[in-house]
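Inside the fold
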Amino acid sequence: MARLKAPHTPVMLREVLEWLRVRPEGIYVDATLGAGGHSAAIAERLTSGTLISLDRDAQALESARERLKTFGERVKLVQAPFSRIAEVVHELGIPAVGGVLADLGVSSMQLDQAARGFSFREAGPLDMRMDTDEELQAEDIVNRWAEKELADLLYREAEEHDSRRIARAIVRARPIRDTAHLATVVAGARKVWGRQRLHPATKTFLALRIAVNREMEELGQFLSRTPATLHSGGRWVVLSYHSREDRLVKHAFQQAEREGTLKVLTKHVFQPSAEEISANPRSRSAKLRCAERV
């Protein structure tokens, strides 16, 4: 079986489309446009309907604009964080939408560009900003934060059990020059626990990315604001990639169900098939949840 190229492979596409239940005349929001794979598949199923695609990364929007131009007015691209979903829908004069998708993963395009600083696979600047107009960069945290602050961040955001050892090693190695230097320092500080499936720096890079982009605050706002944008029977599909993120989604869905706003359709998470993981290894940690507006 030929390996699919990860940058153009939307995660769990078949499952996303099944749960979203796209109708040709419906209005949908892809709250995390990324490389545009999910958006293109949704737009293909529309006739008189509309797709609103959001991303706070201007570079992602430009790249996806080229990919989606064949759909013309069917797709509206908006530069905005997904936490502003309610404002965007309101500003477009739309009372409610038939479905919302959020893929919370970092786009392959960001990971594959060393200059963005998201990846430890090759040397790049300690940046990690999804919106390059923001001020805080990973470099500020890595080279300026106090050791205790750094350790607390790694443990809180990425459940890194070697957080204190890693923070101590980072402070001692300052100034950290680039992503490759950081990855080497972290790998040298971590204890080896049996067979290593992930790169030793994975959790450190995750924690830094979350902090730089205020991802948990953004996600919290998105989870609280989205139900109001859905009309009755509208579907909400979320793909998450790490346990803390998934817990927030799960608890938000359950809370809304208790309040009578949503009905949770996925009592257990759905994960990619073995075939998909083999073809697109970046999908391996994905978890899909779906709820419907009551």
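Note: the structure precedes this text.
Reading guide: rules and limits
Counting restarts for each chain, with residues numbered from 1 along the sequence as it is written. Given that this is a predicted model, residues contribute local features only at a pLDDT of at least 70 and side-chain atom pairs are listed and counted only at 80 or more, while totals for whole chains, interfaces and linings are drawn from all residues. Heavy atoms from the whole structure form the basis of all side-chain values; hydrogens and water molecules are not counted. Salt bridges are identified by distance alone: a Lys or Arg side-chain nitrogen within 4 Å of an Asp or Glu carboxyl oxygen. Runs of E in the DSSP output that reach at least two residues are strands. Runs of H or I that reach at least four are helices, and both are numbered from the N terminus. The convention used is that axes are lines fitted to C-alpha atoms, helices contributing only their stretch in contact, and that angles between N-to-C directions extend from 0 to 180 degrees. For classification purposes, angles smaller than 35 degrees are called roughly parallel, those larger than 145 roughly antiparallel, those between 65 and 115 roughly perpendicular, and all remaining angles oblique. The handedness criterion is simple: a crossing whose near helix is rotated anticlockwise from the far helix by less than a right angle is left-handed, and one whose near helix is rotated clockwise is right-handed. Note on contacts: a residue pair qualifies if any of its non-hydrogen atoms lie within 4.5 Å across the two residues. Note that Gly is not counted as nonpolar here; it falls among the polar residues with everything else outside the nonpolar set of Ala, Val, Leu, Ile, Met, Phe, Trp, Tyr, Cys and Pro and the charged set of Asp, Glu, Lys and Arg. Each residue is assigned to one of three classes by its accessible area relative to the maximum for its type, calculated with a 1.4 Å probe on protein chains only: buried under 20%, partly exposed between the two thresholds, exposed over 50%. Read the arc as the range of directions from the helix axis to the C-beta atoms. By the counting scheme adopted, Arg and Lys are positive, Glu and Asp are negative, and His together with the chain ends is not counted. Counting of polar contacts relies on pairs of N or O atoms within 3.5 Å, with two restrictions inside protein: one atom must be capable of donating a hydrogen and the other of accepting it, and residues adjacent in sequence are counted only when both atoms are side-chain atoms. When the centres of two rings from Phe, Tyr and Trp lie within 6.5 Å, Trp using its six-membered ring, the rings pair. Their planes under 30 degrees apart give stacked, over 60 give edge-to-face, and anything left gives tilted. By the convention used here, strands pair only if DSSP detects at least 2 bridges between them. Throughout, right-handed denotes a crossover for which the path from the first strand over the helix to the second runs clockwise when the strands point away from the viewer.

1. Re the pattern of salt bridges
One pass over the structure, following the stated rule, counts 22 salt bridges. For K267, the salt bridge goes to E257, with nearest N and O atoms at 3.5 Å. Here K267 is found in the loop between β6 (262–264) and α13 (274–279), whereas its partner E257 is found in helix α12 (residues 243–258), with ten residues between them in sequence. Because the salt bridges share partners, they merge into one network encompassing R14, E15 and E18.

2. Thoughts on the packing of helix α8 (residues 163–173) against helix α9 (residues 179–189)
Where α8 meets α9, the axes come as close as 9 Å, and the angle between the chain directions of the two elements is 135°. By the criterion of interaxial angle, the relationship of α8 to α9 is oblique. For α8 against α9, the interelement crossing comes out right-handed. Between α8, through R165, I166, A169, I170 and A173, and α9, the contact on the second element is made entirely by H181, L182, V185, V186 and A189. A breakdown of the residues in the contact of α8 with α9 according to their chemical character gives eight nonpolar, one polar and one charged.

3. Side note on the environment of E87
For E87, the position within the fold is in helix α4 (residues 85–91). Its relative accessible area of 29% is what places E87 among the partly exposed residues. Along the primary structure E87 and P10 are separated by 77 residues, whereas in three dimensions their C-alpha atoms are 26 Å apart.

4. A word on α8
Of the positions making up α8, those classed as buried are S163, I166, A167 and I170. Here the buried residues of α8 occupy an arc of 100° about the axis, which is enough to place them on one side. Away from its buried face, by an angle of more than 90 degrees, α8 presents the exposed residues R164 and R172.

5. Points about the side chain of D103
Structurally, D103 is set in strand β4 (residues 97–103). For the buried residue D103, which engages in no salt bridge, the nearest side chain bearing the opposite charge is R209, 9.2 Å off. Here G105 takes part through its backbone nitrogen, which lies 3.1 Å from a polar atom of the side chain of D103. Ignoring sequence-local partners within four residues, the contact set of D103 consists of V11, T32, H38, L239 and Y241.

6. A few points about the packing of aromatic side chains
What the rule picks out here adds up to five aromatic pairs. Here the aromatic rings of F82 and F222 are separated by 4.4 Å at their centres, their planes lie at 5°, and the arrangement is stacked. In this pair, F82 sits in the loop between β3 (75–79) and α4 while F222 sits in helix α11 (residues 215–225), placing the two residues 140 residues apart along the sequence. Given a relative accessible area of 12%, F82 falls into the buried group. Chaining the aromatic ring pairs together yields one cluster made of F82, F222, W236 and F253.

7. Topic: the pairing of strand β2 (residues 50–55)
Every other side chain in a regular strand lies on the same face of the sheet, so the side chains alternate between the two faces. Across the six residues that make up β2, a large majority, six, are buried. As defined by bridge partners, strand β1 (residues 27–30) adjoins β2 across four bridges and the pair is classed as parallel. Across the sheet, V29 pairs through a bridge with I52, a residue of β2. Following the backbone out of β1, through helix α2 (residues 37–44) and into the adjacent parallel β2, one traces a crossover that is right-handed. Across five bridges, the pairing between β2 and β3 is parallel. Residue D55 lies in a different strand from β3, and its bridge partner there is Q79.

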